[in-house]
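# Reading the structure
Residues per chain are reported as follows:
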There are 2 protein chains.
Amino acid sequence: MVKNGTILYAQHPTGLIEPGVTVKYVEQEIDLDSAPLNGGVLVKVIAMSSDPYMRYRMREPDNKHAAFSPHLTLGYPVDNFGVGRVVRSEDPNLKVGDFVEGYLTFQEYSIFPGPKEQQHFLKYLVKIDRPPSIPASVYTGTLGLAGKSAFVAFDTWGKPKAKDSKTLFVSGAAGPVGTFVCEYAKVCNPNLQVIASAGSPEKIAILKQVGVDVPFNYKEQDTAAVLREHGPIDIYWDNVCGSTLDAALVNMAPTGLIIACGAIAAANTNGDGCNHFEEIFERSLTVHGFTLGTGESAAAMPRFYEVVTPLILEGKITTREHRYSLKEAGEALLAVHLGKNTGKAVVIVSDDE
Amino acid sequence: MVKNGTILYAQHPTGLIEPGVTVKYVEQEIDLDSAPLNGGVLVKVIAMSSDPYMRYRMREPDNKHAAFSPHLTLGYPVDNFGVGRVVRSEDPNLKVGDFVEGYLTFQEYSIFPGPKEQQHFLKYLVKIDRPPSIPASVYTGTLGLAGKSAFVAFDTWGKPKAKDSKTLFVSGAAGPVGTFVCEYAKVCNPNLQVIASAGSPEKIAILKQVGVDVPFNYKEQDTAAVLREHGPIDIYWDNVCGSTLDAALVNMAPTGLIIACGAIAAANTNGDGCNHFEEIFERSLTVHGFTLGTGESAAAMPRFYEVVTPLILEGKITTREHRYSLKEAGEALLAVHLGKNTGKAVVIVSDDE
């Protein structure tokens, strides 16, 4: 038996996640040789992703809000996307030593597939042929949920539109989705003017690193005024919703495109909206909302590694990480709602050997 | 010289249109034989359309809100879409006696093109080969702006989606756009369940006439409750925005479609919105906003008469009118914002000979 450090889902939050209350670190034990795998695999976890959508999963089972994401189950390890190495396998497709990416738990050792109580909207675990120069943890962010989300939506809707566009605006842009969009948009059209907002000097520095033409701190500058000066906006990538969306709506170019990727402002409350929805018809706008794996943008997924891995190796798409230990997983899950992380929030569970 | 009854644009409204104040009936005179045409035509007007978007045009010239619709000019006749007969022509494409549809003025006699102060986003006047069984005034509604708007958007986005859809919801459904959508949707997919809302018993009777499966009065029944019972909604045609949109957003099926055609609630105020925009990403929805002649849906316009005229002759697309005299044009322009008209609000200027 060996120690198996574990983050349990302990209590439904009513507002923000409370580390130590909503989720708790406990030390369990596991017998690496005999723990039942039921045809699956035992994985030594390397890194786990902290994503904003996880807050939606922290709810009563009969609460159907954000039904795209199955609820977490009280008393079970918190699950999400992560990476690790197979240490025992009953799955003919995965062998000991394989580097895997997919659905794992915030534990030192994770069994896939876990118990049926651990539902997930994208339940998979796949072997990855990782180029040695790409760190394992990159597969939780730029090559994980964040990168996949940014890629499928921008490749499906943004790329065709970007060819004839002058200006892209990205909100919540210093996170792993935002920087991916800023960089990938320049790959699609190097002449595109990229305006991007974030909420701290450290994040503005990131925006400059990734080649944003007009980076600005929305806490210090009026978003609508910046967009009026540098717009109109042909494509708006919305990670935020709320008042930022309103500022974008009244500065969109006719027949502009909005990609609705998230709504940080809504995740901890009972919804968030906008006061200028009518601009959508007045300006003949198209809005595409999506969650990964659903709808039209899902068709872009098979191209993901093929297109993005070379762009990472060429340095055209870059990664920054804010690392947390397994014991700090609660802080990592909270940070993405407060904007406290600078770079991808990732929980490092073990060194990659 | 003959009398030329005219509706002048007299004062910018701050809230609702005030008949007699915002627009005024005056009696002008015109010399039918010598009034300068500048290469255009003199038209004896038969009927003029009253459309909700006209409220947007009643603003200060430097007010850029709803910039898709050029402002009306104080002291000039109110212009919009209408029908009439050519009584004198300097245009080689139009001859005396031709029945024409397009950009005219609320006058007994209208000259096209008018002075440059009468701007318009769709400035055209075309000869129509009208089947004798279709009344002239139908070309201001079902075969005018309302029908064209309903057709181009539903044909472009709704029709492909309708093939695999179970349920359509139409708000503000008893007007000429709404009934067109309800009827045309059944042409596209006879098995589609159509839910439709309106605000009076007379309008509910119209919804029943046009084959709506679930008609309801939103003033008496809770929209969200009706949609929950009969949904989820695959396609929502939004004429309303505001709280109706919110009720629809939380009852949309995953990967559903919203067509944003108007926002009655916003036209008389400083915008209108929704509190559940985040559902757009959570449910992977697509929203297409449009105004006629702009963006992707404009490509459907050349098919309009070819597809819709036969459907009218077969009785599959029907018309109801609420008729006003020229002197009552102010009432007609106001009625569409109060929902007082039952059927297409049309100003009958003269009998069609």
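Definitions and cut-offs
Residues numbered from 1 in each chain as written. Chains lettered and ligands numbered in written order. Predicted model: local features only at pLDDT ≥ 70, side-chain atom pairs only at ≥ 80, totals over all residues. Heavy atoms only, no water. Helix = DSSP H or I, 4+ residues; strand = E, 2+ residues; numbered from the N terminus. Rg over C-alpha atoms; globule rule 2.2 N^0.38 Å. Buried < 20%, exposed > 50% of the residue type's maximum accessible area, 1.4 Å probe, protein only. Contact = heavy atoms within 4.5 Å. Buried area = accessible area lost by both parts, 1.4 Å probe. Salt bridge = Lys/Arg side-chain N within 4 Å of Asp/Glu carboxyl O. Polar contact = N/O pair within 3.5 Å; in protein donor to acceptor, adjacent residues only side chain to side chain. Expected span 1.5 Å × (residues − 1). Phe/Tyr/Trp six-rings, centres within 6.5 Å; stacked < 30°, edge-to-face > 60°. Lys NZ or Arg CZ within 6 Å of the ring centre and 35° of its normal. UniProt positions renumbered as here; feature names shortened; annotations may be inferred. Least-squares fit on C-alpha atoms with pLDDT ≥ 70 in both. Pairing = 2+ DSSP bridges. Right-handed = clockwise from strand over helix to strand, strands pointing away. Axes fitted to C-alpha atoms, helices over the stretch in contact; angles between N-to-C directions. Parallel < 35°, antiparallel > 145°, perpendicular 65-115°, else oblique. Left-handed = near helix turned anticlockwise from the far one by under 90°. Nonpolar A, V, L, I, M, F, W, Y, C, P; charged D, E, K, R; others polar. Domains from an automatic or database assignment.

For chain A, the name recorded in an unreviewed UniProt entry is Enoyl reductase (ER) domain-containing protein, with Phlebiopsis gigantea as its organism.

Looking only at helices and strands, chain A features 10 helices and 15 strands. The globule rule puts the C-alpha radius of gyration for 353 residues at 20 Å, and the 20 Å found for chain A is close to it. Its C-alpha atoms give chain A principal-axis dimensions of about 65 × 45 × 35 Å. Classification of the 353 residues of chain A by burial places 59% in the buried group. Pairs at least 24 apart in sequence give 70% of the contacts found in chain A among residues at least 6 apart.

Taken together, the contact pairs 36 residues of chain A with 36 residues of chain B. In this assembly, chain A packs against chain B so that about 2,700 Å² is buried in total across both faces, 64% of it on carbon and sulfur atoms. Ranking the residues of chain A by area buried against chain B places Phe277(A), Phe281(A) and Glu282(A) at the top, with a combined share of 27%. For the pair chain A and chain B, the number of links is 0 salt bridges. Applying the counting rule to chain A against chain B returns 10 residue pairs in polar contact (both at pLDDT 80 or more). Listed by contribution, the elements that provide at least two residues to the side of chain A that touches chain B are β12 (252–260), α8 (279–282) and β13 (286–289) of chain A.

Residue and element names in this part refer to chain B. In this model, helix α3 (residues 176–188) (13 residues) spans 18 Å end to end at C-alpha, consistent with the 18 Å of a helix rising 1.5 Å per residue. α3 sits mainly inside the fold: 11 of its 13 residues count as buried. Among all positions in α3, only Pro 176, Val 177, Gly 178, Thr 179, Phe 180, Val 181, Cys 182, Glu 183, Tyr 184, Ala 185 and Cys 188 are buried.

Residue and element names in this part refer to chain B. Relative to the assigned elements, Gln 107 resides in the loop between β5 (99–105) and β6 (109–112). Within the local environment of Gln 107, its side chain forms a polar contact with the side chain of Thr 6, the two groups lying 2.9 Å apart. For Gln 107, the side chain forms a polar contact with the side chain of Gln 28, separated by 3.5 Å. Beyond its immediate sequence surroundings of up to four residues, Gln 107 is in contact with Asn 4, Gly 5, Thr 6, Gln 28, Val 45, Pro 77, Leu 326 and Val 349.

Moving on, we get to helix α3 (residues 176–188) of chain A. All names here are of chain A. Counting buried residues along α3, 10 of its 13 residues qualify, which places the element largely inside the surrounding structure. Taken together, the buried positions of α3 are occupied by Val 177, Gly 178, Thr 179, Phe 180, Val 181, Cys 182, Glu 183, Tyr 184, Ala 185 and Cys 188. Next to the buried residues of α3 lie α2 (145–162), β8 (167–170), β9 (193–198), α4 (201–209), β11 (233–238) and α9 (304–313).

This part takes up the packing of aromatic side chains. Applying the stated criterion to the full structure yields 35 aromatic pairs over all chains. Plain terms: the ring middles of Phe99(B) and Tyr139(B) are 5.6 Å apart, the flat faces sit at 75° to each other, and that makes the pair edge-to-face. A residue pair is termed long-range when its members are at least 10 positions apart, and Phe99(B) in strand β5 and Tyr139(B) in the loop between β7 (125–127) and α2 (145–162) qualify at 40 residues. For Tyr139(B), a relative accessible area of 2% gives the class buried. Among the aromatic residues, those joined into a ring-pair cluster are Phe99(A), Tyr139(A), Phe151(A), Phe154(A), Trp157(A), Phe180(A), Tyr184(A), Trp237(A), Phe290(A), Phe304(A) and Tyr305(A). Over the aromatic face of Phe99(A) sits the side chain of Arg130(A), whose NZ or CZ is 4.6 Å from the ring centroid.

With that settled, consider the UniProt feature "domain: Oxidoreductase N-terminal" (unreviewed entry) in chain A. The sites that UniProt annotates as "domain: Oxidoreductase N-terminal" (unreviewed entry) are residues 7–115 of chain A. Spanning residues 7–115 of chain A, this segment combines 4% helix with 39% strand, and its end C-alpha atoms are found 16 Å apart.

This part takes up the relation of the copies chain A and chain B. Under the fitted operation, chain A is carried onto chain B by 0.0 Å of movement along the axis and a turn of 180°, and the coordinates agree to an RMSD of 0.0 Å. Here the symmetry operator amounts to a two-fold rotation axis. Looking at the rotation axis and the C-alpha trace of chain A, the residue lying nearest is Val287(A), at 2.4 Å.

Regular strands show a simple pattern: their side chains alternate between the two faces of the sheet. Residues and elements named next belong to chain A. Two strands pair when backbone bridges link them, and strand β14 (residues 321–325) and strand β15 (residues 344–348) are joined in this way by 5 bridges, in the parallel orientation. Bridging across to β15, His 322 finds its partner in Ala 345. Regarding topology, helix α10 (residues 329–338) serves as the crossover connection from β14 to the parallel β15, and that connection is right-handed.

When two helices pack together, you describe them by how their axes are tilted relative to each other and by the distance separating the axes. Residue and element names in this part refer to chain A. As a packed pair, helix α5 (residues 223–230) and helix α6 (residues 242–249) sit with axes 9 Å apart at the nearest point and diverge in direction by 25°. Between α5 and α6, the crossing angle belongs to the class labelled roughly parallel. In the packing of α5 onto α6, the handedness of the crossing is right-handed. Side by side, α5 and α6 meet where Thr 223, Ala 224 and Leu 227 of the first sit next to Thr 244, Ala 247 and Ala 248 of the second. Tallied by class, the residues present in the contact of α5 with α6 amount to 4 nonpolar, 2 polar and no charged.

Below, the discussion takes up the pattern of salt bridges. If you walk through the whole model with that rule in mind, you get 28 salt bridges over all chains. A salt bridge links Asp51(A) to Lys344(A), with the shortest nitrogen-to-oxygen separation between them at 3.2 Å. Of this pair, Asp51(A) sits in the loop between β3 (41–49) and α1 (54–57) while Lys344(A) sits in strand β15, placing them 293 residues apart in sequence. Since its relative accessible area comes to 4%, Lys344(A) is described here as buried. Across the salt bridge formed by Lys95(B) and Asp98(B), the nearest N and O atoms sit 3.4 Å from each other. Take Asp98(B): its relative accessible area is 5%, and that puts it in the buried class.

Here the focus is the packing of α2(A) against α9(A). Residues and elements named next belong to chain A. Where α2 meets α9, the closest approach of the two axes is 11 Å, and the angle between their N-to-C directions is 110°. Of the possible angle classes, the one that applies to α2 and α9 is roughly perpendicular. Residues Gly 147, Lys 148 and Phe 151 of α2 form the contact with α9, whose participating residues are Phe 304, Tyr 305, Val 307 and Val 308. For the contact of α2 with α9, the class distribution of residues is 5 nonpolar, 1 polar and 1 charged.

Residues and elements named next belong to chain A. When the domains of chain A are assigned, the result is domain 1 (2–141 + 319–348) and domain 2 (145–298). Summarising the inter-unit geometry, the C-alpha centres of domain 1 and domain 2 are found 28 Å apart. The interface is formed by 25 residues belonging to domain 1 together with 19 residues belonging to domain 2. Roughly 1,700 Å² of surface becomes buried between domain 1 and domain 2 when both sides are summed, with 56% attributable to carbon and sulfur atoms. It is Tyr 56, Arg 320 and Thr 342 that lose the most area in domain 1 upon contact with domain 2, and together they represent 29% of the buried surface on that side. At the surface where domain 1 touches domain 2, the tally comes to 1 salt bridge. For Glu 101, the salt bridge identified is with Lys 148, shortest N-O distance 3.1 Å. Counting across the domain 1 and domain 2 interface gives 5 residue pairs in polar contact (both at pLDDT 80 or more). For the side of domain 1 that touches domain 2, the secondary-structure elements that each account for two or more residues are α1 and α10. Split by residue class, the side of domain 1 that touches domain 2 holds 10 nonpolar, 9 polar and 6 charged.

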